[in-house]
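Spelled out, the chains give:
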Amino acid sequence: MLRSVGRERLTDSGEDPRVTELRLAVSRLRRELAGHPAEFPDRGIAEEELAALDAMAGSGRPETPRLRRSLLLVAGAIGSVSALAPGLREVRMAVELFGDPPAR
């Protein structure tokens with residue numbers, strides 16, 4: 001996994017590798033959530049925010065504050081489901097690749 005915060009090298013496909021990591025992590029967690037048998041009160045919130053993260057990654061240049069907000073909502077929604085913790089950790093690590101937003 002690429003760990004160089006702030007770098008914007010492109011893969012052979014022309015995609016920022018941070019975006020690739022985010023897309024993969026979000027896709028994995030979405031599959032895990034879809035396959036998880038238990039219903040819990042905030043499952044819909046988690047599904048919506050994972051869809052939003054996927055859309056942001058699909059745009060190619062996601063905004064760091066929005067990524068972090070969605071990550072917090074997903075974590076709050078599924079944080080107590082221990083079976084989903086590894087997937088959530090991967091999404092968090094992918095979001096962290098984008099580093100801090102630029103100072104204004």
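Residues numbered from 1 in each chain as written. Predicted model: local features only at pLDDT ≥ 70, side-chain atom pairs only at ≥ 80, totals over all residues. Heavy atoms only, no water.

**A look at the packing of helix H1 (residues 17-35) against helix H2 (residues 43-59)**
Argument step 1. Between H1 and H2, the shortest axis-to-axis distance is 9 Å and the interhelical angle comes to 155 degrees. In terms of orientation, H1 and H2 fall into the roughly antiparallel class. Crossing hand, H1 versus H2: left-handed. Between H1 and H2, the contacting residues are Val-19, Leu-22, Arg-23, Val-26, Leu-29, Arg-30, Leu-33 and Ala-34 on the first element and Arg-43, Ala-46, Glu-47, Leu-50, Ala-51, Leu-53, Asp-54, Ala-57 and Gly-58 on the second. (Axes fitted to C-alpha atoms, helices over the stretch in contact; angles between N-to-C directions. Helix = DSSP H or I, 4+ residues; strand = E, 2+ residues; numbered from the N terminus. Parallel < 35°, antiparallel > 145°, perpendicular 65-115°, else oblique. Left-handed = near helix turned anticlockwise from the far one by under 90°. Contact = heavy atoms within 4.5 Å.)

**Examining the confidence of the model for the chain**
Argument step 1. Predicted confidence across the chain gives a mean pLDDT of 86, with 84% of residues reaching 70 or more.
Argument step 2. Under a pLDDT of 50 for its full length, residues 1-8 has, in the predicted model, 20 contacts with residues more than four places off or in other chains. (pLDDT = per-residue confidence, 0-100.)

**Let's talk about the side chain of Asp-16**
Argument step 1. Structurally, Asp-16 is set in the segment before H1.
Argument step 2. Among the polar contacts made by the side chain of Asp-16, one reaches the side chain of Arg-18 at a distance of 2.7 Å. (Polar contact = N/O pair within 3.5 Å; in protein donor to acceptor, adjacent residues only side chain to side chain.)

**Section: the environment of Ala-25**
Argument step 1. Considering the arrangement of structural elements, one finds Ala-25 in helix H1.
Argument step 2. A relative accessible area of 3% places Ala-25 in the buried class.
Argument step 3. Here the alpha-carbon distance between Ala-25 and Val-91, two residues 66 residues apart in the chain, equals 5.1 Å.
Argument step 4. Not counting chain neighbours up to four residues away, the residues in contact with Ala-25 comprise Glu-90, Val-91 and Ala-94. (Buried < 20%, exposed > 50% of the residue type's maximum accessible area, 1.4 Å probe, protein only.)

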